[in-house]
Amino acid sequence: MTTEALLEEAEGLRARLVEFRRELHRFPELSMQEVETTRKIREALAEEGIKVLPLALRVGVLAEIEGAGPGPTVALRADIDALPIMEETGLPFASELEGKMHACGHDFHTSAILGSAILLQRYRHLLQGRVRLLFQPGEEKGIGAKAMLDAGALDGVQAIFGMHNKPDLPVGTIGLKPGALMASVDGFRIKVSGKGGHAAIPDAAIDPIVAASAIVGGLQTAISRSISPFDSAVLSVCSFHAGTSWNVIPDEAVLDGTVRTFRPEVRAQIPKLLERIASGIAGGYGARIELSWFAGIPSVHNDEEAVGIVREAAESIGLTVTDALPSAGGEDFAHYQEKIPGCFIWMGTEGTEEWHHPKFTLNEEALVPAAALFARTAHLALERGRKLTGAAVG
Ligand code: NI
């Protein structure tokens, strides 16, 4: 496909992609409840004669475009869910469902990847191999990618590509980075057990609130003293519960928090570090701790060769490529990259607010370039005609 023809074809989809994105925006659905969104995507694909594959999930869509000849299979992924946020944009196509909003731009991702699918379907006679399309539910809860994987969405797929819109990049610019782009997201709970008693007789008690307070401070120091300055890790204690009355020292205090890291080696160190520091501090006060660790999603880790393909695709259609700044946010796209090489990119959408803000907006001018970029990326990835070799996470 020539660049001119591809861009002209993509330009021809403009009104349709804008309309589709606005329709999704008006009727946002929360994670794993994307029933109507699923129906709309299936309909739009069917309209173009794109084959929808069976998927053992109530929500989400799996589709595939078969090229003219044999070859590898590559995947494009869009997430489709919205957030429990009351929209305050005042847009004419603002959410009509109270308390629900596409405040992370997944409506944009869905519409753009639909555009890529339509382009690839129209150019399928030029493809050697297949392009799998994943319209994934439940990203905001970090559970949709796992559900898609369990349903076999990546069976037979050699590489995967996806994006997130980026409010601080201009339209026509993408952010690209090999290696870690987004953080792992894990949770922890520390239960601090002491001995309850009278507020006025603390010497007869073991105060878990004082011990837990020291642990909160100690954890911050532990991260700054134990992780190399060339790595990064964020630890936040976000919930601290203890006690029921103003004059009773309680038996126990419970801390909940999250840890974000970018390298698997650093991530692996954290549970032991928390255990050691928290139990040491608690012991100093005569208290005990019990640590629970909730392993969440790994870091988004881009394969170098996959990054190279996106770079080539972007430059071939006149997009500007900048070095992506990593984000300490998480993305369950990382689960796919644990299985196969992939590349996740920032797509410039020049919004006024950051993700998850009630006034979050994006510039729809980015729809056409995004659709063209992922169509060209899939085409190029198939042209390579061989399995991408770089290591995934690890
Ligand atoms: Ni998002």
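Residues numbered from 1 in each chain as written. Predicted model: local features only at pLDDT ≥ 70, side-chain atom pairs only at ≥ 80, totals over all residues. Heavy atoms only, no water.

J.: Give a description of the layout of surface pockets that names residues and reports values.
T.: Estimates place the volume of the largest pocket at around 300 Å³. Of the residues that constitute the lining of the largest pocket, the class distribution is four nonpolar, seven polar and five charged. Counted as a void, the second largest pocket has a volume near 220 Å³. Lining the second largest pocket are R16, E19, F20, E23, K40, E43, A44, E47 and L114. When residues of the lining of the second largest pocket are traced back to their parent elements, those giving at least two are α2 (14-26) and α3 (35-47). Grouping the constituent residues of the lining of the second largest pocket by class yields three nonpolar, no polar and six charged. (1 Å grid on protein atoms, 1.4 Å probe; cavity = no way out; pocket = protein on both sides within 12 Å on 5 of 7 lines; lining within 4 Å. Points joined across faces, edges and corners; volume = space filled by probe spheres on them. Nonpolar A, V, L, I, M, F, W, Y, C, P; charged D, E, K, R; others polar. Helix = DSSP H or I, 4+ residues; strand = E, 2+ residues; numbered from the N terminus.)

J.: Describe helix α8 (residues 304-316), with residues and values.
T.: With 13 residues, α8 should reach 18 Å at 1.5 Å per residue; the first-to-last C-alpha distance of 18 Å fits that figure. Considering only its buried residues, α8 is in contact with β5 (159-166), β6 (173-176), β14 (300-302), β15 (320-323), β16 (342-348) and α10 (367-384). Two to three positions downstream of the cap, the backbone nitrogen of E305 sits 3.0 Å from a side-chain oxygen, assigning the N-cap of α8 to D303. One or two steps after α8, the chain reaches G318, where phi turns positive at roughly 80°. (Expected span 1.5 Å × (residues − 1). Contact = heavy atoms within 4.5 Å. Polar contact = N/O pair within 3.5 Å; in protein donor to acceptor, adjacent residues only side chain to side chain.)

J.: Could you give an account of the domain arrangement of the protein, with specific residues and numbers?
T.: When the parts of a complex come together, some accessible area is lost, and that lost area is often taken as the interface size. With domains assigned, the protein is organised as domain 1 (3-181 + 299-387) and domain 2 (184-297). Relative placement of domain 1 and domain 2: their C-alpha centres are 39 Å apart. Listed as interface residues are twelve residues of domain 1 and, on the opposing side, seven residues of domain 2. Of the roughly 740 Å² buried between domain 1 and domain 2 on both sides combined, carbon and sulfur atoms contribute 68%. On the surface where domain 1 and domain 2 come into contact, there are zero salt bridges. (Domains from an automatic or database assignment. Buried area = accessible area lost by both parts, 1.4 Å probe. Salt bridge = Lys/Arg side-chain N within 4 Å of Asp/Glu carboxyl O.)

J.: Please provide a residue-by-residue account of the environment of G318, values included.
T.: Residue position: G318 is located in the loop between α8 and β15. Considering only alpha carbons, one finds G318 and G172, 146 residues apart in sequence, at a separation of 8.0 Å.

J.: How would you explain the packing of aromatic side chains if you had to name every residue and give the values?
T.: Summed over the entire model, instances satisfying the criterion amount to four aromatic pairs. Relative to Y336, the ring of F333 has its centre 5.8 Å away and its plane inclined at 80°; by these criteria the two rings are edge-to-face. With F333 and Y336 both in helix α9 (residues 333-339) and three residues apart, this pair spans about one turn of that helix. Both rings, one in F344 and one in W346, keep their centres 6.3 Å apart while their planes meet at 75°; by these two values the pair is edge-to-face. A network of ring pairs unites the aromatic residues F333, Y336, F344, W346 and W355 as a single cluster. Over the aromatic face of W346 sits the side chain of K166, whose NZ or CZ is 5.3 Å from the ring centroid. (Phe/Tyr/Trp six-rings, centres within 6.5 Å; stacked < 30°, edge-to-face > 60°. Lys NZ or Arg CZ within 6 Å of the ring centre and 35° of its normal.)

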